[in-house]
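These are the residues of each chain, in order.
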Amino acid sequence: MSVQNIPDREIAAALAEMEALYDPQKQLDLYTDLYDPATGGMYFSLPAVTREGFGPNIESTAQAALPVALYSDAEKKKLGSWIQSLQDPVTGWFMEGEFDIASASVGKKQRNHFMGMAVLRACGMTPLYPTATERAVQTPPPAADTPDAADDSYLSSLDAYMDWVKNSYDWDGNDPTKKHVWQAGNDIGDFSAQLKEMGWLDTVAAFIRSKQRPDNGLFTDEISIVGISAVTKLSGMYTLTGTPMPYMDKIIESAAYLAETARFTAGSEPYNITLAMRFMVKSAGETGIDADTQAALRRAAPRFVRGIAGAMKDFRKADGGFGYCVGGPCTHSQGAYVTPPGIDCSDVNGNQLAKGVRNDLYWLMGLETPPLFTDEAFYARIKAKMR
């Protein structure tokens, strides 16, 4: 079925209006301009390109979906060698030269780890040194009384890690001095594959799953962006342990309500709403969601389109891409300074989130997502810049 054949004209018009925001040529131009031929990596935003104090980074390189499958062996080696060069031989973390491992946030270190490893795998390469997670299992770092972002002692043992998980975040919604559960998703959920490799995931997941609220399906007492974002970011606690998410009907209703009523200020907010639906379905595994849940998701799909499709125009920037923030540039990611202030521009993170929302809304309506550009077209642009 195509958009034109959707019987609900309001929904068809909303999807068509959203589609007009995504200019395939400008999308391809943006990714081409952010590509760094010297390293094979990607910059976060156009104002950061070749500006002192900024460089290509691991997160943007992994998020940009580079067409590595089309690369020659030499091209894969160049990209992989750059990632390898960013690994610290002492700690095993991957970190760009403009940042300091000792002061980097947990989220920055862990995101660089799993994204750097993903790029290396795509290139058919491995790290030069044992990674931080391998060291935690083989030779744990010394324990400390109070682990913080500059201290890896929270990885010294499963007990130390669980103590950090339980005491760093506001799981019960009554301690604003602790980090909220969305941040737990960034710090713990994004690290779930590594936790599985370390043999710690089952214990961590059991604790986190116990914090899901049965009345709304979220990880917060109220129906909120933080609560639904935690569902998305902590989904590995279900999908990687073979555990279907409970309270699916509540999750669908909470997400649809937020799609219709929330005022979005960050690109991750609509994205986490729609992606929660995908991960919810994924958690059911090969058996899939039951007929009642399927029906509830089909009924709710137009509500997602109504609430989110039109909101994407607020994230579109003058350069034709999408930014993470509605007003002004996104200057930081995981606490790291990635874009100069004062220039309202698109960025890789925000653009990928906007593309993800587009994909999810088509999926919710049972439609195939029209490609914006092909891997072959992107690769041809990259090859031209390599010369």
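Residues numbered from 1 in each chain as written. Predicted model: local features only at pLDDT ≥ 70, side-chain atom pairs only at ≥ 80, totals over all residues. Heavy atoms only, no water.

Turning next to the overall build of the chain. Assigned secondary structure in the chain consists of 17 helices and two strands. Structurally, the chain occupies a C-alpha span of about 60 × 55 × 40 Å along its principal axes. Looking at the chain as a whole, 55% of its 387 residues qualify as buried. Sequence separation of at least 24 residues holds for 68% of the intrachain contacts in the chain that already meet a minimum separation of 6. Summed over its atoms, the accessible surface of the chain is roughly 16500 Å², and 52% of this surface lies on carbon and sulfur atoms. (Helix = DSSP H or I, 4+ residues; strand = E, 2+ residues; numbered from the N terminus. Buried < 20%, exposed > 50% of the residue type's maximum accessible area, 1.4 Å probe, protein only. Contact = heavy atoms within 4.5 Å. Areas by Shrake-Rupley, 256 points an atom, 1.4 Å probe, with all protein chains shown as cover.)

Since the α-helix packs 3.6 residues into each turn, any two residues three or four apart lie on the same face. For helix α15 (residues 291–308), spanning 18 residues, the distance from its first C-alpha to its last is 26 Å, which sits close to the expected 26 Å at 1.5 Å a residue. Buried within α15 we find Thr-293, Ala-295, Ala-296, Leu-297, Ala-300, Ala-301, Pro-302, Phe-304, Val-305, Gly-307 and Ile-308. Lining the buried residues of α15 we find α1 (9–19), α13 (248–261), α14 (268–283) and α16 (348–364). You can read the cap of α15 off the contacts: a side-chain oxygen lies 3.2 Å from the backbone nitrogen of Asp-292, and it is on Asp-290. (Expected span 1.5 Å × (residues − 1). Polar contact = N/O pair within 3.5 Å; in protein donor to acceptor, adjacent residues only side chain to side chain.)

This part is about the pattern of salt bridges. Evaluation of the coordinates by the stated rule reveals 16 salt bridges. In this structure, the salt-bridge partner of Asp-190 is Lys-233, at a minimum N-O distance of 3.3 Å. Of this pair, Asp-190 sits in the loop between α8 (181–187) and α9 (192–198) while Lys-233 sits in helix α11 (residues 225–233), and the two are 43 residues apart along the sequence. Residue Asp-190 shares its accessibility class with Lys-233, and that shared class is buried. (Salt bridge = Lys/Arg side-chain N within 4 Å of Asp/Glu carboxyl O.)

Helix length check: helix α17 (residues 375–386) (12 residues) gives 16 Å between terminal C-alpha atoms against 16 Å at 1.5 Å per residue, within 8%. Listed in full, the buried residues belonging to α17 are Phe-378, Tyr-379 and Ile-382. End-on, the buried residues of α17 take up no more than an arc of 100 degrees, which puts them together on one face. Looking at the buried positions of α17, the neighbouring elements they touch are α2 (24–34) and α4 (73–85). (Arc of directions from axis to C-beta.)

One non-glycine residue, Ala-65, adopts positive backbone phi at about 55 degrees. Mapped onto the elements, Ala-65 comes out in the loop between α3 (58–63) and α4. Residue class for Ala-65 comes out partly exposed when judged on its relative accessible area of 46%. Unlike most non-glycine residues, Tyr-247 shows phi in positive territory, near 60 degrees.

This brings us to the nonpolar core. Membership of the largest hydrophobic core comes to 113 residues, with the highest contact counts inside it found for Tyr-161, Trp-171, Ile-188, Ile-273, Met-277, Phe-304 and Leu-361. Excluding its chain neighbours within four sequence positions, the residues that come into contact with Ile-273 are Ile-225, Ile-228, Ala-255, Leu-258, Ala-259, Phe-264, Phe-304 and Ile-308. (Core = buried A, V, L, I, M, F, W, Y, C linked by side-chain atoms within 4.5 Å.)

This paragraph deals with the confidence of the model for the chain. For the chain, the average pLDDT comes to 92, and 95% of its residues sit at 70 or higher. Ignoring residues within four places in sequence, the model shows residues 144–150, a span with pLDDT below 50, making 13 contacts including any to other chains. (pLDDT = per-residue confidence, 0-100.)

Helix-helix packing is characterised by the crossing angle of the two axes and by the distance between the axes. For the pair α15 and α16, the least separation of the axes is 9 Å and the interaxial angle reads 145 degrees. For the pair α15 and α16, the crossing hand works out as left-handed. Mapping the contact onto sequence places Leu-297, Ala-301, Phe-304, Val-305 and Ile-308 in α15 and Val-357, Leu-361, Trp-363 and Leu-364 in α16. Of the residues contributing to the contact of α15 with α16, the split by class is nine nonpolar, no polar and no charged. (Axes fitted to C-alpha atoms, helices over the stretch in contact; angles between N-to-C directions. Left-handed = near helix turned anticlockwise from the far one by under 90°. Nonpolar A, V, L, I, M, F, W, Y, C, P; charged D, E, K, R; others polar.)

With the rule as written, the count across this model stands at 12 aromatic pairs. Seen in terms of ring centroids, Tyr-161 and Trp-164 are 5.4 Å apart; in terms of plane orientation they differ by 40 degrees. Their pairing is tilted. Within this pair, Tyr-161 and its partner Trp-164 are both found in helix α7 (residues 158–168), separated by three residues, close to a single helical turn. With a relative accessible area of 0%, Tyr-161 lands in the buried category. Arranged with centres 5.7 Å apart and planes meeting at 90 degrees, the rings of Trp-171 and Phe-207 form a pair that is edge-to-face. Residue Trp-171 is located in the loop between α7 and α8, and its partner Phe-207 is located in helix α10 (residues 201–209); the two are separated by 36 residues in the primary sequence. In this structure Phe-207 comes out as buried when scored by relative accessible area, which is 16%. Through a chain of ring-to-ring contacts, three or more aromatic side chains come together here, namely Tyr-154, Tyr-161, Trp-164, Tyr-169, Trp-171, Trp-200 and Phe-207. (Phe/Tyr/Trp six-rings, centres within 6.5 Å; stacked < 30°, edge-to-face > 60°.)

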